[in-house]
Amino acid sequence: MTETSTPQAQRGTDRVKRGLADMLKGGVIMDVVDAEQAKIAEASGAVAVMALERVPADIRRDGGVARMSDPGMIERIMGAVSIPVMAKARIGHFVEAQVLQALGVDYVDESEVLTPADEAHHIDKHAFTVPFVCGATNLGEALRRLGEGAAMIRSKGEAGTGDVVQATRHMRAIVGAIRRLTTLDETELYAEAKELRAPVDLVREVAATGKLPVVLFTAGGIATPADAALMMQLGADGVFVGSGIFKSGDPERRARAIVEATTYFTDADVIARVSRNLGEPMVGISGDSLATGDRLEHRGW
Amino acid sequence: MHTVERVPGEELAPGTVTAERREPGPDAPLIGVLALQGDVLEHLRMLAEAGARAVPVKRAAELAGLDGLVIPGGESTTIGRLADLYGLLDPIRARIGDGLPVFGTCAGAILLASSALSADGTPSAQPLLGVMDTVVRRNAFGRQVDSAELDVGVEGLEGGPVRVAFIRAPWIESAGPGVEVLATVATPAGDKIVVARQGRLLASAFHPELTGDARLHRLFVDLARRSRQDREPN
């Protein structure tokens, strides 16, 4: 006889929030500004899309205040694709996050790409059923976000530049600090937690397991299949590509190529093949040429 | 040349695996996990716990010698597209035709099905293996805010209900006469199939690999062990 379960369903648990990020591992999440781009992303093999009104390169160009996207636009994208849809809320703007949860988006990105709404506080993410992904430039920042309830971390990089160097710096900083933690003894971990300005329980957990307790993606400046594979070899579990796809000459082809390079990230023959005749990459600006005030990586703390 | 091979989600520092890893003997069944995208690592660990040798599989040549294959959770459109592009669908179908046991969870259950529906019930055009006589409705339980942990009783599984996670989960909308229904869940739309078996093919709508209960994996490893013995009579 078949067993029928009458479920006492528990929604919004850490396991369920982190679980969706686990399903995205080894995949590429693409920024899209309308339903048509979302369909191209899905057909190219994206595991999720980030719905936003302007990609970071345009936010950078236009200046002004960047806010949560129009709910109507997010809903059109949700209606257009079967893969998960993420959307961005401003740092600390918990009402934007409440709105995104009410819309039914699958992940909220509390993002430095938008103009911060609070100078001292990030969103209390434990208070939500929808899971959050947050950016980090180093291990302490990642652990503070986890303490606030983030269910996924992405290295920040420098969004909208097409310059991968900050993404490399942040991945190396996070991974290097994790490796270092695993060499410390129990007593040293207390002082290290103070240095990292991070909850000691999380510091101890990372020291014992050699990894974050959530999925670690990379973001900010990834423009080529080789960039994506570099991040995967540096220890990323997956890749966000923002402006890099739809600001390039042949978005569909580039999207497919980055997906393949992310799966076969140690196979230089695959990366060479998919990189051939890809057309113009996004134009790009050197992250280091930006004035400090123009650097998004310094938003959030 | 130095390349860094790792399964996404793995430790970033060597030698820090907390869970004791049992080394299965050379006689243990060899089970591949399709490693194009998704929660490959969780399956590798559960299979090892259930007594199998477990390896990631990204290419058709790596199917040789397997006693079983797991198709993990992930995005079924992404996994199906890459499997198609890298020539894995036909070789997997051929191995299944020869009796290879396959366990698909969530996206894996979709890939095994003969057809897939979108959440709204319209046909979803995507590459599938099409080896199980099932129709699967994607994201049938809803979006992420509806994702949940729950206890599901599975026929033939001793020790009571198993704690599992449904993540943007599908259900099996209908199953042909050759398909055994092993578990259903009561929903507002009626009882829906969440575990089904057709010969050596096993499909679950949920993720047993996320919650630490290895009983379904043990069931599958037993299937793989028996299939190995059938192929290699003493």
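Keep in mind it's a predicted model, so treat the numbers as computed, not measured.

**Topic: the overall build of chain A**
Consideration 1: Across its full length, chain A carries 13 helices and 10 strands.
Consideration 2: Radius of gyration (C-alpha) of chain A: 19 Å, near the 19 Å computed for a compact globule of 301 residues.
Consideration 3: Taking the principal axes of its C-alpha atoms as reference, chain A extends roughly 55 × 55 × 50 Å.
Consideration 4: The proportion of buried residues among the 301 residues of chain A is 62%.
Consideration 5: A fraction of 66% describes how many contacts in chain A between residues 6 or more apart in sequence connect residues 24 or more apart.
Consideration 6: Split by element, the accessible area of chain A, about 11000 Å² in all, is 48% carbon and sulfur.
Consideration 7: Measuring between centres, the 34 positive side-chain charges of chain A sit 1 Å from its 42 negative side-chain charges.

**Notes on the packing of helix α6 (residues 139–147) of chain A against helix α9 (residues 200–209) of chain A**
Residues and elements named next belong to chain A.
Consideration 1: With their axes 10 Å apart at the nearest point, α6 and α9 run at an angle of 120° to one another. By the criterion of interaxial angle, the relationship of α6 to α9 is oblique. For the element pair α6 and α9, the recorded crossing hand is right-handed. On the side of α6, the interface is formed by L143, L146 and G147, while α9 contributes L202, V203 and V206.
Consideration 2: Grouping the amino acids of the contact of α6 with α9 by side-chain chemistry returns five nonpolar, one polar and no charged.

**What about the pairing of strand β11 (residues 190–198) of chain B?**
Residue and element names in this part refer to chain B.
Consideration 1: Bridging between strand β10 (residues 180–187) and β11 involves seven bridges; their strand directions are antiparallel. Each residue of the ladder has a partner; that of T184, found in β11, is I193.
Consideration 2: Hairpin connection, β10 to β11: the antiparallel pair is bridged by two residues.
Consideration 3: The sheet contact formed by β11 and strand β12 (residues 201–204) spans four bridges and is antiparallel. What sits directly across from A196, in β12, is A203.
Consideration 4: Hairpin connection between β11 and β12: a loop of two residues separates the two successive antiparallel strands, and G199 in this loop has a positive phi of roughly 60°.

**Let's talk about the pairing of strand β8 (residues 152–155) of chain A**
All names here are of chain A.
Consideration 1: Neither face of β8 is exposed, since M152 and R154 on one face and I153 and S155 on the opposite face are all buried.
Consideration 2: One ladder, built from four bridges, connects strand β7 (residues 132–136) with β8; its direction is parallel. Among the inter-strand pairings, A136 is bridged to a residue of β8, identified as S155.
Consideration 3: You can see the chain leave β7, run along α6 and come back into β8, and the turn it takes is right-handed.
Consideration 4: Where β8 meets strand β9 (residues 215–218), four bridges bridge the pair, whose relative direction is parallel. By the bridge assignment, M152 is partnered in β9 with V215.

Reading guide: rules and limits
Once a new chain begins, its residue numbering starts again from 1 and follows that chain's sequence as written. Chain A is the first chain written and ligand 1 is the first ligand written, with later ones labelled in order. pLDDT decides what is reported in this predicted model: residues at 70 or higher carry local features, side-chain atom pairs at 80 or more are listed and counted, and totals for whole chains, interfaces and linings draw on all residues regardless. Processing note: side-chain calculations cover all non-hydrogen atoms of the structure and skip hydrogens and water entirely. A helix here means a DSSP run of H or I that spans at least four residues, while a strand means a run of E at least two residues long, and both kinds are numbered starting from the N terminus. Each radius of gyration is computed over the set of C-alpha atoms, and the globule rule expresses the reference value as 2.2 Å times the number of residues to the power 0.38. Partly exposed residues are those whose accessible area sits between 20% and 50% of the maximum for their type, while under 20% is buried and over 50% is exposed, using a 1.4 Å probe and protein chains only. Only heavy atoms enter the contact rule, under which two residues are in contact if any of them lie within 4.5 Å. Note on areas: Shrake-Rupley, 1.4 Å probe, and residue coverage restricted to the protein chains presented here. Charge convention: Lys and Arg are scored as positive, Asp and Glu as negative, and His as well as the terminal groups of each chain are ignored. Charged side chains are reduced to one point each, which is NZ for Lys, CZ for Arg, CG for Asp and CD for Glu. Every axis corresponds to a line fitted to the C-alpha atoms, with the helix fit spanning only the stretch in contact, and the corresponding angles, defined between N-to-C directions, vary from 0 to 180 degrees. In this scheme, roughly parallel covers angles under 35 degrees and roughly antiparallel covers those over 145, while 65 to 115 is roughly perpendicular and the rest are oblique. Crossings are classed by handedness, with left-handed meaning an anticlockwise turn of the near helix from the far one by less than a right angle and right-handed meaning a clockwise turn. Each residue gets one label: Ala, Val, Leu, Ile, Met, Phe, Trp, Tyr, Cys and Pro are nonpolar, Asp, Glu, Lys and Arg are charged, and the others, such as Gly, are polar. The pairing criterion for strands is at least two bridges between them, as found by DSSP. With the strands aimed away from the viewer, a crossover counts as right-handed if its path from the first strand over the helix to the second runs clockwise.

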